[in-house]
Amino acid sequence: MIANAPHNLMLDLPVVRGSYMQGKALADITWFRVGGPAEILFMPSDVADLQEFLTNVSPSIPLTLLGAGSNVLVRDTGIAGVVIRLGRAFAEISCDENGNITAGAAALDVSVARFALDKGRSGLEFLRGIPGSIGGALAMNAGAYGGETKDNLLSVQALSWSGELIELTRDDIDMRYRENKSAGDYIFLSAVFATQAGDAVEISGRMEEISGSRETTQPIKSRTGGSTFKNPGGTNPDGPKAWKLIDAAGMRGHRIGGAQISELHCNFLINHGNATAADIEALGEMARQRVRETAGIELQWEIKRLGDPK
C-alpha cells in the first residue's frame, strides 16, 4: 500500500443488493444543481437491503439521507461517508378500502396528489404545491396552501439508524411548523394518510388553482430549492412573512456570483447556472443579516444545508 494514500471507504462497507457509487456528483440530483460529490452514494434495492446495510455498517461511518433534493443545499465540499437515497422500490402508492392512502418515502408529492385525485379522495390537494418527495415532506412537515403533512397523517413506517423496523403514529412524531423533531432518529419509509371521499371535479379544480398560483408567484422554472426561510409567524396568516421582510430589507433581486434572490418571490434563491453552493448560502446569510438589521427578526433556514461548511 502506498504511504499516505487515501483510504477507500468502499472496503469498509457491507455487501448489499443495491448499488454503491463512489464520488457521485450530487449537483446532478439536487434542484439547485450545485454542491460537491457524495463520498459514497448508496441506493438500496428494497427495505430489507437497507435494513441489512444499517445493521452491518460501521457506526464510525457518517450516514446522510438525501431525498428528491428539492429543499436541500449541498455544500461545495460534498458529503463525507455514505449518502443514502431511496429509489423506485420506495415510491409505491396505494389506497385501501377505507380510503387511506399509503405513499412510499420516494414518491413525489405531486404524484401522491394526483393518485388521490384518480381515486376521488380529498385532503391531499395541498401536496400539488410542494416540490419533493413524501420522505422530505415528513422530515420537515412540509406544507403549502393551507395544508401541512401532519394534518392527515395516520402513521409512518420507519427504520432506526440501527436497522430496527418501527411503526409510528402521528402522536409518536413531534411535528411542528416546518419541523419534525423526530426526523433525525429515523429513516422514513412510507406514510399512511387519511382522506375523504370527494368530487373529482372539485379536487381537480383545487389542484389546478394551486398549480396556477405557483406558476404566477414562484420561480418554478428556475434552479431553486423552494422556500428558503421559515415564516417567522408560522402558520398564522397575520404573522410576518419571510418574503416581505426580505423585500423590505431591500434584497429583492440582489446577487452574489451566480446566485440571486428571486425578483418574483423574495423567499426563493436562484442559481442562474454558474452559482456555487457558497454563493447561494452567502446570499441567504446576507438576507438574514439585512432582515435582522432592518426588522430585528432572525430568519431561520427552511432549506437544509448538507456537508462541511469549510
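Notes on the structure follow. (Residues numbered from 1 in each chain as written. Predicted model: local features only at pLDDT ≥ 70, side-chain atom pairs only at ≥ 80, totals over all residues. Heavy atoms only, no water.)

Focus: the packing of helix 2 (residues 109–118) against helix 4 (residues 200–217)
Direction vectors running N to C along helix 2 and helix 4 enclose 160 degrees, while the axes themselves pass 9 Å from each other. Overall, the two elements helix 2 and helix 4 adopt an arrangement that is roughly antiparallel. Relative to helix 4, helix 2 is oriented so that their crossing is left-handed. On the side of helix 2, the interface is formed by Ala 113, Arg 114 and Leu 117, while helix 4 contributes Ala 200, Ile 203, Ser 204 and Met 207. A class-by-class count of the residues in the contact of helix 2 with helix 4 yields five nonpolar, one polar and one charged. (Axes fitted to C-alpha atoms, helices over the stretch in contact; angles between N-to-C directions. Helix = DSSP H or I, 4+ residues; strand = E, 2+ residues; numbered from the N terminus. Parallel < 35°, antiparallel > 145°, perpendicular 65-115°, else oblique. Left-handed = near helix turned anticlockwise from the far one by under 90°. Contact = heavy atoms within 4.5 Å. Nonpolar A, V, L, I, M, F, W, Y, C, P; charged D, E, K, R; others polar.)

Notes on helix 6 (residues 277–295)
Here helix 6 contains 19 residues, and its C-alpha end-to-end distance of 27 Å stays within 8% of the 27 Å for a straight helix at 1.5 Å per residue. Buried within helix 6 we find Ala 277, Asp 279, Ile 280, Glu 281, Leu 283, Gly 284, Ala 287, Arg 288 and Val 291. On the buried face of helix 6, the contacting elements are strand 4 (72–74), helix 5 (242–248), strand 18 (255–256), strand 19 (259–261), strand 20 (269–271) and strand 21 (304–306). One or two positions beyond helix 6, positive phi appears at Gly 296, with a value near 70 degrees. (Expected span 1.5 Å × (residues − 1). Buried < 20%, exposed > 50% of the residue type's maximum accessible area, 1.4 Å probe, protein only.)

Section: the pairing of strand 15 (residues 186–193)
Remember that side chains alternate between the two faces of the sheet whenever the strand is regular. The buried fraction of strand 15 is high, at eight of eight residues. Summarising the sheet, strand 7 (residues 101–104) and strand 15 pair through four bridges and their orientation is antiparallel. Residue pairing for strand 15: Ile 101 is matched across the bridge by Phe 193. Across seven bridges, strand 11 (residues 153–160) lies against strand 15 in antiparallel orientation. Counted as the bridge partner of Leu 159 is Ile 187 from strand 15. (Pairing = 2+ DSSP bridges.)

Side note on the sheet that holds strand 12 (residues 165–169)
Reading across from one edge, 6-7-15-11-12 is the order of the five strands in this open sheet, with antiparallel pairing throughout. Of all strands in the sheet, those bounded by a partner on one side alone are strand 6 (93–95) and strand 12. Each strand of the sheet is rotated relative to its neighbour by a mean of 20 degrees, with strand direction disregarded. The strands touched by helix 2 are strand 6 and strand 7; relative to strand 6, the strand with the most contacts, the crossing angle is about 25 degrees.

A word on the packing of aromatic side chains
Evaluation of the coordinates by the stated rule reveals five aromatic pairs. On the basis of an interplanar angle of 45 degrees and a centroid distance of 5.3 Å, the ring pair of Tyr 20 and Phe 42 is categorised as tilted. A residue pair is termed long-range when its members are at least 10 positions apart, and Tyr 20 in strand 1 (residues 19–25) and Phe 42 in strand 2 (residues 37–43) qualify at 22 residues. Take Phe 42: its relative accessible area is 0%, and that puts it in the buried class. Put simply, the rings of Tyr 20, Phe 42 and Phe 53 touch in pairs and so form one group of aromatic residues. (Phe/Tyr/Trp six-rings, centres within 6.5 Å; stacked < 30°, edge-to-face > 60°.)

Considerations on the nonpolar core
Residues Val 112, Leu 124, Leu 127, Ile 134, Val 156 and Phe 188 are the most contacted members of the largest nonpolar core, which totals 32 residues. Secondary-structure elements contributing two or more residues to this core are strand 7, helix 2, helix 3 (134–140), strand 11, strand 12, strand 15 and helix 4. With five residues, the top contributor of residues to this core is helix 2. In contact with Phe 188, not counting residues within four places along its chain, are Leu 86, Ala 105, Gly 135, Leu 138, Ala 139, Val 156, Gln 157, Ala 158, Leu 168, Asn 180 and Ala 183. (Core = buried A, V, L, I, M, F, W, Y, C linked by side-chain atoms within 4.5 Å.)

Things to note about helix 4
An ideal rise of 1.5 Å per residue puts 26 Å on 18 residues; helix 4 measures up with 26 Å between its terminal C-alpha atoms. Along helix 4, the residues classified as buried are Ile 203, Met 207, Ile 210, Ser 211 and Arg 214. Buried residues of helix 4 fall within an arc of 95 degrees about the axis and therefore sit on the same side. Along helix 4, exposed side chains directed more than 90 degrees from the buried face belong to Val 201, Glu 202, Glu 208, Glu 215 and Thr 216. Buried positions along helix 4 lie against helix 2 and strand 8 (121–122). (Arc of directions from axis to C-beta.)

Describing unusual backbone geometry
At Arg 33, a position not held by glycine, the phi torsion is positive, near 60 degrees. The topology assignment puts Arg 33 in the loop between strand 1 and strand 2.

Some details on the pairing of strand 12
What you see with strand 12 is a clean split: Ile 166 and Leu 168 sit on the buried side and Leu 165, Glu 167 and Thr 169 on the side with no burial. In the sheet, strand 11 pairs with strand 12 via five bridges, with the strands oriented antiparallel. Among the inter-strand pairings, Ala 158 is bridged to a residue of strand 12, identified as Ile 166. The hairpin turn running from strand 11 into strand 12, its antiparallel successor, is four residues long, and Gly 163 in that turn takes a positive phi close to 95 degrees.

As for the sheet that holds strand 19
Here four strands make up an open sheet; going across it, the order is 17-20-19-18 and the pairing antiparallel. Strand pairing shows two members of the sheet lacking a second neighbour, strand 17 (223–224) and strand 18, which therefore form its edges. Across the sheet, helix 6 is in contact with strand 18, strand 19 and strand 20; its angle to strand 19 comes to roughly 30 degrees.

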